[in-house]
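# Commentary on secondary and tertiary structure
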Amino acid sequence: SRKKCMYKTGEILPFDIKSLGDKEVLFISFSGGQTSAYMVDKLIENYSDKYHFIITFANTGQEHDKTLEFVHRCDVRWGGVVIWLEAVVNPEKGKGTRHRIVSYETCTRRHELHDETPFAQVIRKYGLPGLATPQICTRELKGAVMQSYRREFQKAYKMKCWNAIGMRQDEPRRLMKDADRNKFRVVYPLAEWFPVSKPDVLAYWDKQDFKLEIPEHYGNCVTCWKKSDAKHIRLIHEHPEFYAFFQKMEREHPQTNNKEGYPDRRFFRNERTVDDMFRLAKIIPIKNIPAHMEEVSGGCTESCEASTPETLGLTDEQYEMDI
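Residues numbered from 1 in each chain as written. Predicted model: local features only at pLDDT ≥ 70, side-chain atom pairs only at ≥ 80, totals over all residues. Heavy atoms only, no water.

## Observations regarding the sheet that holds strand β2 (residues 51-58)
- Read from one edge to the other, the open sheet built from 6 strands follows the order β4-β3-β2-β1-β5-β6, with strand pairing classed as mixed. Edge positions in the sheet fall to β4 (98-102) and β6 (186-187), since each of these pairs with one other strand and no more.
- Helix-sheet contacts for helix α1 (residues 34-47) involve β1 (24-29), β2 and β5 (162-164), and the interaxial angle to β1 is about 160 degrees.
- In this fold helix α4 (residues 136-157) packs onto β1, β2, β3 (83-88), β4 and β5, with an angle of close to 140 degrees to the strand it touches most, β2. (Pairing = 2+ DSSP bridges. Helix = DSSP H or I, 4+ residues; strand = E, 2+ residues; numbered from the N terminus. Contact = heavy atoms within 4.5 Å. Axes fitted to C-alpha atoms, helices over the stretch in contact; angles between N-to-C directions.)

Encoded structure:
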């Protein structure tokens, strides 16, 4: 039977506004990865006297189980303050994606294939993600979901809040321009408050009593189309069952939200289906993957984190509401 969420769609957790004092509210977008977890650790350590933190994690339903476990362990470390969210998609055109509150125990897992998983809802309305529609996943399953909660919070407590995004100093191309930062109240602690690069983050977690225990090629969303062919070939050899969800989606939604006369949408690069990738993996041994298949421009590691106003859900017209 389908799990029930903890609260009704669109609700927010109770908040004692009197406890703020002189502090401002800082929303933290926690992706579930080690970089954003590092950001939360350092913010709690160094900025708790200035900000009240609201930490949100948007679960797509296709994260690796170890990612969910990592988020849970971080949450326990921080005192059980992470707000677990999932997308609720309004099928009506022009109506935006909203949120529901779940938990580590009740959130959608990767092996669930029913039609009400967050990702299935998004595909049913917007079609399959892929090279032609690269921002569907991040925009609808991450940015819009966290913005939905943030908007409800700001409306309820009549305030505008700051938003901390986990881009590091070694990712300058992914930082917004100053005008957008000011407009959408975005800050980059890892790039400017306490600058850090990826090796620094990895070294930090090597010293902790737990870390994200998945191979690099698994990433957070295990079957992301943005990954290189090499990563998919490894995954198919190791865990072919990871691809069951998108096999189902390709069968059911080849023309969903497609223009008339256009060919069926395919999930992977070079117009490949899941079955095409399986055939490719069958002829390429895992120990003999060609070097040219290893990396691609615009790959998973550099483009899945929400970084633009659109993917962060900050362009919603209701964002500029009077508070």
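There is more to say, and it comes next.
## As for the pairing of β1
- Taking burial as the measure, the 6 residues of β1 include 5 buried ones, the bulk of the element.
- For β1 and β2, the ladder comprises 6 bridges, and the chain directions are parallel. By the bridge assignment for β2, Ile28 is matched with Ile55.
- In this fold, β1 hands off to α1, which returns the chain to β2; that crossover is right-handed.
- Sheet topology note: the β1/β5 ladder contains 3 bridges and is parallel. For Ile28, the partnering residue across the bridge sits in β5 and is Ala164. (Buried < 20%, exposed > 50% of the residue type's maximum accessible area, 1.4 Å probe, protein only. Right-handed = clockwise from strand over helix to strand, strands pointing away.)

## What about the packing of helix α3 (residues 118-126) against helix α9 (residues 244-252)?
- Following both chains from N to C, one finds α3 and α9 inclined at 20 degrees, their axes separated by 11 Å at the closest point. Here α9 runs roughly parallel to α3, going by the angle between their axes. Considering the relative orientation of α3 and α9, their crossing is right-handed. Across the interface between the two elements, Phe119, Ala120 and Ile123 of α3 pack against Phe245, Phe246 and Met249 of α9. (Parallel < 35°, antiparallel > 145°, perpendicular 65-115°, else oblique. Left-handed = near helix turned anticlockwise from the far one by under 90°.)

## Quick notes on the pattern of salt bridges
- Using the criterion set out here, one finds 19 salt bridges in the structure.
- Asp115 serves as the salt-bridge partner of Lys248, at 3.1 Å between the closest nitrogen and oxygen. Highlighted residues: Lys248 in helix α9 and Asp115 in the loop between β4 and α3, separated in sequence by 133 residues.
- As a salt-bridge pair, Arg181 and Asp178 come within 3.9 Å of each other at their nearest N and O atoms. (Salt bridge = Lys/Arg side-chain N within 4 Å of Asp/Glu carboxyl O.)

## What to know about the packing of α3 against α4
- Orientation of α3 relative to α4, taken along the N-to-C sense of each, is 125 degrees, at an axis distance of 10 Å. Comparing the axis directions of α3 and α4 gives the class oblique. As α3 runs across α4, the sense of the crossing is right-handed. In this structure, α3 contributes Pro118, Phe119, Val122 and Tyr126 to the contact, and α4 contributes Ile136, Cys137, Arg139, Glu140 and Leu141.
- Along the lines of polarity and charge, the residues of the contact of α3 with α4 split into 7 nonpolar, no polar and 2 charged. (Nonpolar A, V, L, I, M, F, W, Y, C, P; charged D, E, K, R; others polar.)

## Section: the nonpolar core
- Residues Val25, Ile28, Phe30, Leu43, Phe153 and Trp205 are the most contacted members of the largest nonpolar core, which totals 82 residues.
- Broken down by element, the residue count for this core peaks at 8 residues, all from α4.
- With 7 residues, the next largest nonpolar core counts Ile165, Met167, Met176 and Phe184 among its residues. (Core = buried A, V, L, I, M, F, W, Y, C linked by side-chain atoms within 4.5 Å.)

## Let's talk about unusual backbone geometry
- Look at Arg185: it is not a glycine, yet its phi comes out positive at around 55 degrees.
- Tracing the backbone through its elements, the reader meets Arg185 in the loop between α5 (178-184) and β6.
- The backbone of Glu271 sits at a positive phi, close to 60 degrees, despite the residue not being glycine.
- Relative to the helices and strands, Glu271 is located in the loop between α9 and α10 (274-283).

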